[in-house]
Amino acid sequence: MIQRIFSEGLDLALEKGLKSFYLLNGQDVLLVLESKDKIIATAHQYGFDEKIEIVINNETKWDDLADQLQSTGLFSSKQIIILNFPDNPTTTHQKQLTSLLELAHPDVLFILHFPKLTKVMEKQPWLSIIENNGIQIQCQTPDITKLPTWLKHRAKSMQLQLDQGTIDLLCYSYEGNLLALKQTLQLLQLQYPNQIITPLKAKEVIAQSAQYTPFQWIDALLQGKVTRAAHILNHLKNEETQPVVLVRIIQKELMILLEITRSPMVVNSNEPLFNRNLRVEFDRLKVWQNRRPIYQSAVQRLTYRKLYQQIQALAELEKQIKQEFSDEIWASIEHLGLLFT
């Protein structure tokens, strides 16, 4: 099995020597760029002085790449080949990659970037080629539960002294936007060297640059975190997210809640949701393990009456969106969110 590390562990891994293959898994812009830069800088120290970077698509000339690998000679350069794959690489892409990696030799170093790495992809032949002399680097954006740890690690590496209140403020302001968070840390480093940075000092350089997705909004609702959900919803509104997108997502989540809480007996509408068969229903609906606690939180909190109120409010909201568009729609969406408490 290929060695797996988080992006913050790459420095230590590179200190131990250079591998032939580096597999970057994730879509965070900052973590992917920094990981590439660190690998390339280390490779230069080992004499790799030529870099080829390609975005893989249906027009990729794999034969040219293969010729490039095989054209070795006395004066040939040691090459770094960076292949950036799309979100959903085709079977043909992966077969071509397997053929290319079979031509690998000591004078070439591969950096492979896959935004997503599925279970099916992990069973492809190309992965077995790289596992003995490769490292997989996780480059996913840390979620709100992991962001404080990431921030503390980054601050320590920059010799920044942040108190806990500042850490909480930075996480709140820059969740989902590590690039902006890094820039803010650099400004704090310049303005407050060798000082403990309090929230008051941090506020002077903070711009509200957090980036959120509709999925983070629905997760906050399911967990009953109304303040966080309202904060995310405000960002989505400012980013001109289409309300119909939010309607479709919440519609799907309510249907899942109905499915997993089906009771074998008649229940009173004021009763809490039926929760004795959750594991079986999760397996039947193929709910990911990391999302199950989020649904469980909603199930423990809601009643059937509340769930029916949400469905009714959703129907009214969809009718409102189809008939007219105004800022009142956003107020209706926020009201719908309150029904999750």
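Read on for a plain summary of the structure. Everything numeric here is computed off the predicted structure, so don't read it as measured data.

Calculation notes
- Residues numbered from 1 in each chain as written.
- Predicted model: local features only at pLDDT ≥ 70, side-chain atom pairs only at ≥ 80, totals over all residues.
- Heavy atoms only, no water.
- Helix = DSSP H or I, 4+ residues; strand = E, 2+ residues; numbered from the N terminus.
- Buried < 20%, exposed > 50% of the residue type's maximum accessible area, 1.4 Å probe, protein only.
- Contact = heavy atoms within 4.5 Å.
- Pairing = 2+ DSSP bridges.
- Axes fitted to C-alpha atoms, helices over the stretch in contact; angles between N-to-C directions.
- Salt bridge = Lys/Arg side-chain N within 4 Å of Asp/Glu carboxyl O.
- Patch = residues over 30% accessible without salt bridge, like charges linked within 9 Å, V, L, I, M, F, W, Y side chains within 5 Å.
- Areas by Shrake-Rupley, 256 points an atom, 1.4 Å probe, with all protein chains shown as cover.
- Arc of directions from axis to C-beta.
- Phe/Tyr/Trp six-rings, centres within 6.5 Å; stacked < 30°, edge-to-face > 60°.
- Lys NZ or Arg CZ within 6 Å of the ring centre and 35° of its normal.

### Thoughts on the environment of E281
Now for step 1: Tracing the sequence through the fold places E281 in helix α14 (residues 278–285).
Now for step 2: Classification of E281 as buried rests on a relative accessible area of 6%.
Now for step 3: When the C-alpha atoms of E281 and P199 are compared, they prove to be 45 Å apart, with 82 residues separating the residues in sequence.
Now for step 4: Dropping the residues within four chain positions of it, E281 is found in contact with E259, I260 and R262.

### Here's the deal with the sheet that holds strand β3 (residues 48–55)
Now for step 1: Strand order across the open sheet formed by 6 strands is β1-β6-β2-β5-β4-β3, with parallel pairing between neighbours. Each of the sheet's edge strands pairs with one partner strand only, and the pair in question is β1 (3–6) and β3. Between one strand axis and the next, the sheet turns by 20 degrees as a mean value, whatever way the strands run.
Now for step 2: Across 4 bridges, the pairing between β1 and strand β6 (residues 134–138) is parallel.

### Topic: the pattern of salt bridges
For side chains of opposite charge, pairing can occur when their charged atoms come near one another.
Now for step 1: A full pass over the atoms with the stated rule returns 15 salt bridges.
Now for step 2: The shortest N-O distance in the salt bridge between D143 and K146 comes to 3.8 Å.
Now for step 3: Judged by its relative accessible area of 37%, D143 falls in the partly exposed class.
Now for step 4: The partner of E316 in a salt bridge is K319, with the nearest N and O atoms 3.9 Å apart. Of the two residues, E316 and K319 are both situated in helix α16 (residues 304–323); the distance of 3 residues between them amounts to about one turn of the helix.
Now for step 5: The exposure class of E316 is partly exposed, given its relative accessible area of 44%.

### Observations concerning a nonpolar patch on the surface
Now for step 1: On the surface, V29, L33 and L179 cluster together into a nonpolar patch covering about 250 Å² of accessible area.
Now for step 2: You can see V29 is positioned in helix α2 (residues 29–45).

### Quick word on helix α4 (residues 91–101)
Now for step 1: Among all positions in α4, only H93, Q94, L97, T98, L100 and L101 are buried. What you see down the axis of α4 is that its buried residues fit within an arc of 165 degrees, all on one side. Residues of α4 that are exposed and angled more than 90 degrees away from the buried face: T91 and K95.
Now for step 2: Residues of α4 that are buried make contact with β2 (21–25), α3 (62–70), β4 (78–84), β5 (108–114), α5 (119–122) and α6 (125–130).

### Some details on the packing of aromatic side chains
Now for step 1: Considering all chains together, one arrives at 5 aromatic pairs under this definition.
Now for step 2: Between the aromatic rings of F114 and W126, the centroid separation amounts to 4.9 Å while the plane-to-plane angle is 5 degrees, which identifies the pairing as stacked. Here the residue F114 occupies a position in strand β5, and W126 occupies one in helix α6, the gap between them amounting to 12 residues.
Now for step 3: Given a relative accessible area of 0%, F114 falls into the buried group.
Now for step 4: Here F282 and Y295 contribute two aromatic rings whose centre-to-centre distance is 6.3 Å and whose plane-to-plane angle is 40 degrees, an arrangement assigned as tilted. Linking F282 in helix α14 with Y295 in helix α15 (residues 292–301), this pair joins segments that are 13 residues apart in sequence. For the pair F282 and Y295, a shared accessibility class is recorded, and that class is buried.
Now for step 5: One aromatic cluster is present, built from ring pairs that chain together F85, F114 and W126.
Now for step 6: A cation over a ring is seen here: K78 above F48, with NZ or CZ 4.6 Å from the ring centre.

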